[in-house]
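The lines below spell out each chain.
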Amino acid sequence: MRHYMNLDLSPFRVIESGEKTIELRLNDEKRRALKVGDEIEFSCAGVGYTLIATVKELHRFTGFKELFAAMPLEKCGYKGREKEADPDDMLKYYTEENIKKYGALGIELENVKVCL
C-alpha cells in the first residue's frame, strides 16, 4: 500500500541524501494504517519531484520524549546536532494534547528513490 506525506524542505533533503532514515510523526489514525513493507511518497512544495521509501520498521512510543530517549537521533535528522535535539521541537508540528492522545511514531525507512 502507498501512503502520502508532506515534508518541509530540510527533512525532505536529508531523507533524499540518506542521512535521515527515521521520520518522526504523531501516531494518529493516518499513521496507524502504516505497515512494514508499505511505501510512503513524500512531497515537498516547490521541489518538483517526490521521494518514495519503503517502511522498514515502526517504532511506537507514548510521546516524543520517550522516542528521543530511545532512538538514534542522528538517524532522525539530527546528525552532528544530537546534543541540540529536543522533543519540544515536535511542538512546531503537533499540540501537546495530540501528542498525549496519540503518542509518537518513528518510521524507519529504506530504499528511498526519487520519483520524477
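In what follows, the structure referred to is the one given above.
So, here's what we can say about the structure. Just so it is clear, the structure is predicted and the values come from calculations on it, not from any experiment.

Quick notes on the rules
- Residues numbered from 1 in each chain as written.
- Predicted model: local features only at pLDDT ≥ 70, side-chain atom pairs only at ≥ 80, totals over all residues.
- Heavy atoms only, no water.
- Helix = DSSP H or I, 4+ residues; strand = E, 2+ residues; numbered from the N terminus.
- Rg over C-alpha atoms; globule rule 2.2 N^0.38 Å.
- Buried < 20%, exposed > 50% of the residue type's maximum accessible area, 1.4 Å probe, protein only.
- Contact = heavy atoms within 4.5 Å.
- Lys, Arg positive; Asp, Glu negative; His and termini not counted.
- Charge placed at Lys NZ, Arg CZ, Asp CG, Glu CD.
- Arc of directions from axis to C-beta.
- Pairing = 2+ DSSP bridges.
- Axes fitted to C-alpha atoms, helices over the stretch in contact; angles between N-to-C directions.

As a further point, take the overall build of the protein. Broken down by element type, the protein carries four helices and five strands. In the protein, the order of α-helices and β-strands from amino to carboxyl end is β-α-β-α-β-β-α-α-β. Against the 2.2 N^0.38 benchmark of 13 Å for 116 residues, the protein shows a C-alpha radius of gyration of 13 Å, consistent with a compact globule. For the protein, buried positions account for 45% of its 116 residues. Sequence-distant contacts, at least 24 apart, represent 73% of the contacts inside the protein between residues at least 6 apart. Averaging the positions of the 19 positive and the 21 negative side-chain charges in the protein gives two centres separated by 2 Å.

We now examine the environment of C44. As for its position among the elements, C44 is in the loop between β3 (39–43) and β4 (50–61). Judged by its relative accessible area of 9%, C44 is buried. Considering only alpha carbons, one finds C44 and R13, 31 residues apart in sequence, at a separation of 9.4 Å. Not counting residues within four places of it along the chain, the set of residues in contact with C44 comprises L7, D8, L9 and F12.

Among the residues of helix α1 (residues 9–17), those classed as buried are P11, F12 and I15. All buried residues of α1 lie within an arc of 105° about the axis, which places them on one face of the element.

Moving on, we come to the sheet that holds strand β1 (residues 2–6). Overall, mixed pairing links the five strands, which are arranged β1-β3-β4-β5-β2 in an open sheet. Where the open sheet ends on each side, the last strands, each with one partner, are β1 and β2 (22–26). If you compare each strand with its neighbour and ignore which way they point, the axes differ by 40° on average. As paired strands, β3 and β4 are joined by four bridges and run antiparallel to one another. Among the inter-strand pairings, E41 is bridged to a residue of β4, identified as I52. Strand contacts of α1: β2, β3, β4 and β5 (104–115), with the helix running at about 95° to β4, the strand carrying the most contacts.

This next bit is on the pairing of β5. Pairing between β2 and β5: five bridges, direction antiparallel. Bridge pairing in β5 places L24 opposite G106. Bridge analysis of β4 against β5 gives 10 bridges, and the strand direction is antiparallel. Across the sheet, L51 pairs through a bridge with V114, a residue of β5.

It is worth stressing that arrangement in space is one thing and function is another; only the former is reported here.
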